[in-house]
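Each chain is listed here by its residues.
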Amino acid sequence: NLDLLKEEIWARSEIMDLKGDPKGLLEGYIIESTQDLHKGKLATVLIQRGTLKKGDYLVAGHSWCKVKTVSNENSQNLSNASVSQAVQVMGW
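Residues numbered from 1 in each chain as written. Predicted model: local features only at pLDDT ≥ 70, side-chain atom pairs only at ≥ 80, totals over all residues. Heavy atoms only, no water.

K.L.:
Give me the lowdown on the overall build of the protein chain, citing residues and values where you can.
P.N.:
Helix and strand counts for the protein chain stand at one helix and nine strands. Reading the helices (α) and strands (β) of the protein chain from amino to carboxyl end gives α-β-β-β-β-β-β-β-β-β. Counting only residues that meet the buried cut, the protein chain has 28% of its 92 residues in that class. With an accessible surface of roughly 6,500 Å², the protein chain has 51% of that area assigned to carbon and sulfur atoms. (Helix = DSSP H or I, 4+ residues; strand = E, 2+ residues; numbered from the N terminus. Buried < 20%, exposed > 50% of the residue type's maximum accessible area, 1.4 Å probe, protein only. Areas by Shrake-Rupley, 256 points an atom, 1.4 Å probe, with all protein chains shown as cover.)

Here is the structure:
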């Protein structure tokens with residue numbers, strides 16, 4: 001049922017059109033984390049505030065990463081992601 005939950009979160013984040021400050025410090029929630037044999041460690045992130053770009057540094061607890069790619073639910077690479085978008089981050 002995690003796949004259904006993830007799809008529901010993606011859909012609701014787009015439908016609700018949540019607002020926030022796209023210029024502030026980046027903040028979000030990690031919804032899911034996985035490991036792919038070819039891509040490495042991935043995290044699905046729902047952005048709450050700010051804009052996420054390739055090359056940004058993220059911190060989650062004691063872990064950190066430099067963002068290698070940002071992709072949407074259709075696995076299309078994005079140049080950046082803003083408030084209320086759920087994206088997959090590679091680089092952990």
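K.L.:
Could you give me a rundown of the sheet that holds strand β1 (residues 27-36), with the residues and numbers involved?
P.N.:
Taken in spatial order, the five strands of this open sheet run β1-β2-β9-β6-β7, and their pairing is antiparallel. Of all the strands in the sheet, just β1 and β7 (77-78) have a single pairing partner and so form its edges. In this sheet, strand β2 (residues 40-49) lies alongside β1 in antiparallel orientation, the contact comprising nine bridges. Residue pairing for β2: Ser33 is matched across the bridge by Ala43. Helix α1 (residues 2-16) contacts β1, β2 and β9 (86-90) of the sheet and is inclined by roughly 35° relative to β2. (Pairing = 2+ DSSP bridges. Contact = heavy atoms within 4.5 Å. Axes fitted to C-alpha atoms, helices over the stretch in contact; angles between N-to-C directions.)

Nothing here speaks to function; it is geometry throughout.
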